[in-house]
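Listed below, chain by chain, are the residues.
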Amino acid sequence: MQSGYYSATGGMVTQFNRLDIISNNLANLNTNSFKRDDVVIGDFLRLYQTYQETLPLKNQTREAAKYINRNLDRVPIISEEYTDKSIGSMSKTDNPLDFALDKENAYFAIQTPNGVRYTRDGSFTISTDGTLSTKEGYEVLSRVGLDNEGGIMIPQSMEVEADKNGNLYFRDTANENLAEPLAAGAIAIVSFANPKYLKKVGKNLYEYPKDKINERENLIAPNALYQHYIEKSNVNAVIEMSNLIETNRLVDMYSKVLKTHMDDLNTEAISKLATRA
């Protein structure tokens, strides 16, 4: 068995998977509040040595020896995928329906056809029925409507104001004599005891496991909401392009190793076997 061939194949597959992630990061360079993804590359032997104390078979036993191949165990693999949740830069706008969150563990609650989802993209609009919605048409839930799927109605001729805690106020633009804004409820901004369980489901939305929904907290730290701002993607184009070049070079390197095994080593082996025969 040519163990080097399998090692090179595993390494190439790992880099192809990493290439997909880097490409997706670059594709979302200008997507509001997008969080870049990345991977941790390791090998089975390293993972085995880390957790061997908790495994039922010790590596010095005869039974364990049957499952340890020192060559194949060093094949590079993606041992972990993760999302970098650091906050992107804030971009000021003149739109009163643009909101940004300056806390990492803070999300807007959105009502979708598949249930409640979460997003950091606060570029909202008013739907045809007068509710505060995302650009995709999903309702933005209110704080009191978080558990009963209640949205936020925006009356016509009303200007929206928001404080840093998510409380909304309406100011009647048609009544110049109205000095104080009218209370209108609050946007549902939630945090999570274990944000690592948040899973990307597309359209800049996250899903939290239903069996862990009790870990959701309805309130976040104060002063988290900024009106007239949009959070930009946290993807750094220079870093991602450097990662892209590095990954392409590794793919090319593994490709040359595979070619060497197939064309040179195999040909040499066949020639020697034929000579001995």
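Coordinates for the structure precede this section.
Residues numbered from 1 in each chain as written. Predicted model: local features only at pLDDT ≥ 70, side-chain atom pairs only at ≥ 80, totals over all residues. Heavy atoms only, no water.

1. As for the packing of aromatic side chains
In this description, a pair of aromatic rings is defined by centroid distance and the angle of the planes.
Part 1 of the argument: Taken as a whole, this structure holds eight aromatic pairs when the rule is applied.
Part 2 of the argument: Between the aromatic rings of Y118 and F192, the centroid separation amounts to 5.0 Å while the plane-to-plane angle is 85°, which identifies the pairing as edge-to-face. Of the two residues, Y118 sits in strand β6 (residues 115-119) while F192 sits in strand β13 (residues 189-192), which places them 74 residues apart along the sequence. Each member of the pair Y118 and F192 is classed as buried.
Part 3 of the argument: A network of ring pairs unites the aromatic residues Y107, Y118, F192, Y197, Y206 and Y208 as a single cluster.
Part 4 of the argument: Sitting above the plane of the Y107 ring, R120 keeps its charged end 6.0 Å from the centroid.
Part 5 of the argument: Over the ring of F34 we find K200; its NZ or CZ atom is 4.1 Å from the centre of that ring. (Phe/Tyr/Trp six-rings, centres within 6.5 Å; stacked < 30°, edge-to-face > 60°. Helix = DSSP H or I, 4+ residues; strand = E, 2+ residues; numbered from the N terminus. Buried < 20%, exposed > 50% of the residue type's maximum accessible area, 1.4 Å probe, protein only. Lys NZ or Arg CZ within 6 Å of the ring centre and 35° of its normal.)

2. Considering the side chain of E231
Part 1 of the argument: When you line up the elements, E231 lands in strand β18 (residues 229-231).
Part 2 of the argument: Under the relative-accessibility criterion, E231 is labelled buried at 1%.
Part 3 of the argument: There is a polar contact of 2.9 Å between the side chain of E231 and the backbone nitrogen of G88.
Part 4 of the argument: With near-sequence residues (within four places) excluded, E231 lies in contact with N32, S33, K35, S86, I87, G88, S89, M90, A100, L101 and R120. (Polar contact = N/O pair within 3.5 Å; in protein donor to acceptor, adjacent residues only side chain to side chain. Contact = heavy atoms within 4.5 Å.)

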